[in-house]
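Here's the letter readout for the chains.
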Amino acid sequence: MKIKYLLLIIFFFFVFSDFYGLIYHTDDFSKGPLYGKDMFLPYMIYLTFPGVRAKTERQFQLQYHTSFYFINDFYIPYGKLTYDNTKSYYKSVRAYDYESLNFEFGISFSPLKNLQVGMHTRVVGYYSGFLDAIVQNFHDLFGFPNAGRDEFSQNDTYIDIKNSSGVRLKLKNYAFSFGDIDTWIKYTFYQKKWIALAVINGYKIPTGSVKYISGSGYPDIGIGLLMDLMPIRFISIYLQTNFILPFDAVIPQAPSKPYPMFQGMLNLSVNPVRYLSILVQLNFKTPVLKTQYDLDESFNGIHELYYPQTDILVGLIFEIMNIKFQFYFEQNPIYTAGADIVFNFLLAHKINIKKD
């Protein structure tokens, strides 16, 4: 009798697991990774590879998207801190204090089954903002430090990131301008049921404005390797390793000398049902600018130009009837090399030009 019950349990387990995708199916449920541009000022003006998967897309499939980024950012450079004993906080000057709303448009196409090309560009806007009071009151309510926000008037637009790389990052008023055009081409050279490998090449067309901090004024080129791991259709893992070379780093006459940089991405996607993916993503980038601030060895603070970027993105992707909606929230809990608050909203549509 016990053997019968055991066999029934095993039978229903395999039926259940097959139905819910605990074993691999060819109809992949995953919709990751998260597609987005790095909006932290020292990186935003350079080429950033978006989150694309190594797996092939349908041949002759066209996809276009519109995307909104909302950014609220504030930072005091630690190299300029002076301590006020009477008020028990650091008094200083700001490096940046602003909000930004950026509108992006992008398109991609698969002329071959294993080849995909894409581009995206944006309008970048800086303004004084409306969330300063909300953010400060939230910090006060829960006893979080304000990092010096309360020393300055609210709803300002101020950017002055001093660096020894000669890169101009200064703005003290409202500004709206067109950004750079980032192009990319992806070739999938290996694909099996549970793994896919691809190479990606990118080129930045410098259509952005140096004056209004929407571009560096020089082209960039990049190359990277993508890997998808899809052991079960409930779980997917995405990896990217990219190398970016800003042209002004190697042009002798260029006044700016940013560092070539490494960009890495690790994404975990949980896909409970066909139309929904829940994603957690780690973005890693090596420093691109050399700091101008000298820190005392005894000071335990961290400066955004000294350390790599280690941002965490948490988001959702819904996809129904070739319509995709993406939302993510980005935060930098380890170092300060990232924008304070970033929200992204993306709407995409797929069109199959050639019918089966």
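Residues numbered from 1 in each chain as written. Predicted model: local features only at pLDDT ≥ 70, side-chain atom pairs only at ≥ 80, totals over all residues. Heavy atoms only, no water.

### A word on the overall build of the chain
In terms of helices and strands, the chain carries 3 helices and 16 strands. In the chain, which comprises 356 residues, the share counted as buried stands at 49%. Within the chain, contacts between residues at least 6 apart in sequence are counted, and of these 68% link residues at least 24 apart. (Helix = DSSP H or I, 4+ residues; strand = E, 2+ residues; numbered from the N terminus. Buried < 20%, exposed > 50% of the residue type's maximum accessible area, 1.4 Å probe, protein only. Contact = heavy atoms within 4.5 Å.)

### Things to note about the pattern of salt bridges
Note that side chains of opposite charge can pair when their charged atoms are close. In the structure shown here, the tally under the stated rule is 9 salt bridges. Notably, a salt bridge pairs Arg 122 with Asp 182, separated by 3.6 Å at the nearest N-O pair. Taken together, the positions of Arg 122 in strand S5 (residues 115–127) and Asp 182 in strand S8 (residues 175–191) put the pair 60 residues apart, joining distant regions of the chain. What makes Arg 122 buried here is its relative accessible area of 3%. On the basis of relative accessibility, which here comes to 0%, the residue Asp 182 falls in the buried class. The network of salt bridges with common partners includes Lys 37, Glu 104, Arg 122 and Asp 182. (Salt bridge = Lys/Arg side-chain N within 4 Å of Asp/Glu carboxyl O.)

### With respect to the pairing of S8
With 11 bridges connecting them, S5 and S8 associate as antiparallel partners. Within the sheet, the bridge partner assigned to Leu 115 lies in S8 and is Tyr 187. As defined by bridge partners, S8 adjoins strand S9 (residues 195–205) across 10 bridges and the pair is classed as antiparallel. Each bridged residue has a counterpart across the sheet, and for Asp 182 the counterpart in S9 is Lys 204. Remark: 3 residues form the turn of the hairpin made by S8 and S9, two consecutive strands paired antiparallel. (Pairing = 2+ DSSP bridges.)

### Thoughts on unusual backbone geometry
Here Gly 32 and Pro 33 are connected by a cis peptide whose omega angle stands at -5 degrees. When you line up the elements, Pro 33 lands in the loop between helix H1 (2–20) and helix H2 (41–44). A positive phi is found at Asn 322, a non-glycine position, where the angle reads about 65 degrees.

### Section: the side chain of Asn 344
Assignment of secondary structure puts Asn 344 in strand S16 (residues 341–352). Since its relative accessible area comes to 0%, Asn 344 is described here as buried. A distance of 2.9 Å separates a polar atom in the side chain of Asn 344 from a polar atom in the side chain of Ser 67. (Polar contact = N/O pair within 3.5 Å; in protein donor to acceptor, adjacent residues only side chain to side chain.)

### Let's talk about the environment of Asn 322
With respect to the helices and strands, Asn 322 occurs in the loop between strand S14 (309–320) and strand S15 (323–331). Placed 26 residues apart in sequence, Asn 322 and Ala 348 show a C-alpha to C-alpha distance of 8.2 Å. Beyond its immediate stretch of four places on either side in the chain, Asn 322 contacts Ala 348, His 349, Lys 350 and Asn 352.

### Digging into a positive patch on the surface
Judged by side-chain charge, Arg 168, Lys 170, Lys 172 and Lys 211 come together as a positively charged surface patch. With respect to the helices and strands, Lys 172 occurs in the loop between strand S7 (170–171) and S8. (Patch = residues over 30% accessible without salt bridge, like charges linked within 9 Å, V, L, I, M, F, W, Y side chains within 5 Å. Areas by Shrake-Rupley, 256 points an atom, 1.4 Å probe, with all protein chains shown as cover. Lys, Arg positive; Asp, Glu negative; His and termini not counted. Charge placed at Lys NZ, Arg CZ, Asp CG, Glu CD.)

### A closer look at the environment of Tyr 35
With respect to the helices, strands and loops of the structure, Tyr 35 is situated in the loop between H1 and H2. You can call Tyr 35 buried: its relative accessible area is 12%. Note: C-alpha distance between Tyr 35 and Arg 53 (18 residues apart in sequence) is 9.7 Å. With near-sequence residues (within four places) excluded, Tyr 35 lies in contact with Pro 50, Gly 51, Val 52, His 65, Glu 104, Met 119, His 120, Trp 184, Gln 326, Tyr 328, Asn 344 and Leu 346.

### Looking at the nonpolar core
A general feature of soluble globular proteins is that nonpolar side chains tend to end up buried together. In terms of nonpolar packing, the biggest core is built from 46 residues, with Leu 41, Tyr 96, Tyr 126, Ile 159 and Ile 213 touching the most fellow members. Among the secondary structure elements, those contributing two or more residues to this core are H2, strand S1 (61–75), strand S4 (96–112), S5, S8, S9, S14 and S16. Residues in contact with Leu 41, not counting those within four places in the same chain, are Tyr 98, Tyr 126, Ile 159, Ile 161, Leu 169 and Ile 213. (Core = buried A, V, L, I, M, F, W, Y, C linked by side-chain atoms within 4.5 Å.)

### Some words on the packing of aromatic side chains
Two numbers describe a pair of aromatic rings. These are the distance of the centres and the angle of the planes. In total, this model carries 11 aromatic pairs according to the counting rule given. Centre to centre, the rings of Phe 68 and Phe 103 are 5.2 Å apart; their planes meet at 55 degrees, and the pair counts as tilted. In this pair, Phe 68 sits in strand S1 while Phe 103 sits in strand S4, placing the two residues 35 residues apart along the sequence. Judged by its relative accessible area of 35%, Phe 103 is partly exposed. Within the aromatic cluster, the residues linked to one another by ring pairs are Phe 40, Tyr 43, Tyr 96, Tyr 98 and Tyr 126. (Phe/Tyr/Trp six-rings, centres within 6.5 Å; stacked < 30°, edge-to-face > 60°.)

### Topic: the pairing of S9
With 10 bridges joining them, S9 and strand S10 (residues 220–232) adopt antiparallel strand pairing. Each bridged residue has a counterpart across the sheet, and for Ile 195 the counterpart in S10 is Leu 229.

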